[in-house]
Amino acid sequence: MIRMSLALLVATAATLGANAEDKAHPLEPFYGTWKGTAVGIDANRQPFELTQTERVGPMLGGDVAVIEGRGYEAGGALAFNAFAVVSCDAPDAPCEMRSYTDGRTGTFALEATETGFVWTIPAGPEARIVYTATLEDGIWTEVGHYHPATGEPVETFRMELTRIGDTDWPAGGAVTP
């Protein structure tokens, strides 16, 4: 019974792995290290400008992508740090992004587009923040708009990053036996 269950598990995993190899992760074009600027309005409605860095890489054979964003003040102090894991179940289905920053966590739908991706955060009754990321001519642009329950959307965030290199993060440096 145990051998049969183990054989079934291995066969199922092999089938799922074969299907996963048929599709690229939608964040694959973003894999690498990035640097540029981020500007916006913080939670206290104060403007900010940071040197923004991002690193994006695959895990689990490309089944998930991990992202770490860091924003630095002019003097070099870390002002912002976020981490996210993005997983996708099917090529045409929305992905799931689990993010962590400033003691807060959330799970959000992330949808691939022809030029990048879009993800949305609920921001109160009938309000939301929509982030649209595009990759064009080697520039990662991501813009956040606050969409109130009524009225026009307001831009609250914009980053423009240039790819500065490859990365073996997060898989590189794994503990070996």
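The model shown is predicted, which means the values in this text are computed figures rather than measured ones.

### A look at the state of the cysteines
If you walk through the whole model with that rule in mind, you get one disulfide. Paired by a disulfide, C88 and C95 hold their sulfur atoms 2.0 Å apart. Where C88 bonds to C95 through sulfur, the torsion about that S-S bond is close to 95°, and the disulfide is right-handed. Pair check on accessibility: C88 and C95 agree, each one buried.

### Considerations on the nonpolar core
Counting residues in hydrophobic clusters, the biggest one holds 24 residues, and the most contacted among them are L27, V86, M97, L110, F117, W119 and W140. At the level of elements, β1 (32-41), β3 (64-72), β4 (78-87), β5 (95-101), β6 (104-112), β7 (116-122), β8 (128-136) and β10 (154-165) are the ones that each hand at least two residues to this core. Non-local contacts of W119, meaning those with residues more than four positions away in its chain, are made with M97, F108, A109, L110, I129, V130, Y131 and E142.

### What about the pairing of β6?
The pairing of β5 with β6 spans seven bridges and is antiparallel. Residue pairing across strands places C95 opposite L110, the latter belonging to β6. A loop of two residues connects β5 with β6, the two strands running antiparallel in sequence, and D102 in this loop sits at a positive phi of about 50°. Bridge count between β6 and β7: three bridges; the pairing is antiparallel. Paired with E111 across the bridge in β7 is V118. Following β6, the chain reverses through three residues before pairing antiparallel with β7.

### Quick notes on the side chain of H147
Mapped onto the fold, H147 is located in strand β9 (residues 139-147). Ignoring any residue separated from it by four or fewer positions in sequence, one finds H147 in contact with E126, A127, R128, V130 and P153.

### Here's the deal with the packing of aromatic side chains
The full count for this structure, using the stated rule, is ten aromatic pairs. A centroid spacing of 6.1 Å and a plane angle of 70° characterise the contact between Y131 and F157, whose relative ring orientation is edge-to-face. Placement of Y131 in strand β8 and of F157 in strand β10 is noted, with a sequence separation of 26 residues between them. The same class applies to Y131 as to F157, namely buried. Here the aromatic residues F30, W34, F117 and W140 are joined through ring pairs into a cluster of three or more.

### Some thoughts on the pairing of β1
The pairing of β1 with strand β2 (residues 47-59) spans ten bridges and is antiparallel. The residue bridging G40 from the neighbouring strand is F48, located in β2. In this structure, the hairpin formed by β1 and β2 is closed by a connection of five residues, where R45 is found at a positive phi of approximately 65°. As judged from the eight bridges shared by β1 and β10, these two strands associate in the antiparallel manner. From the neighbouring strand, A38 faces β10, where its bridge partner is M159.

### Some remarks on the confidence of the model for the protein chain
In low-pLDDT segments, the atomic positions of the prediction should not be examined closely. Per-residue pLDDT for the protein chain has a mean of 87; in total, 86% of the residues score no lower than 70. The model gives residues 1-21 a pLDDT under 50, and that stretch makes one contact with residues more than four places away or in other chains.

### So, the environment of F30
Mapped onto the elements of the fold, F30 is located in the loop between α1 (2-21) and β1. Separated by 27 residues in the primary sequence, F30 and G57 place their C-alpha atoms 8.1 Å from one another. F30 has contacts with V56, T115, G116, F117, T134, L135 and W140, leaving out every residue within four places of it along the chain.

### Quick look at the side chain of T156
Its location among the elements puts T156 in strand β10. Those residues in contact with T156 that sit more than four places away from it in its chain are V39, G40, I41, I129, G144, H145 and Y146.

Cut-offs and rules
- Residues numbered from 1 in each chain as written.
- Predicted model: local features only at pLDDT ≥ 70, side-chain atom pairs only at ≥ 80, totals over all residues.
- Heavy atoms only, no water.
- Disulfide = S-S within 2.5 Å.
- Buried < 20%, exposed > 50% of the residue type's maximum accessible area, 1.4 Å probe, protein only.
- Core = buried A, V, L, I, M, F, W, Y, C linked by side-chain atoms within 4.5 Å.
- Helix = DSSP H or I, 4+ residues; strand = E, 2+ residues; numbered from the N terminus.
- Contact = heavy atoms within 4.5 Å.
- Pairing = 2+ DSSP bridges.
- Phe/Tyr/Trp six-rings, centres within 6.5 Å; stacked < 30°, edge-to-face > 60°.
- pLDDT = per-residue confidence, 0-100.

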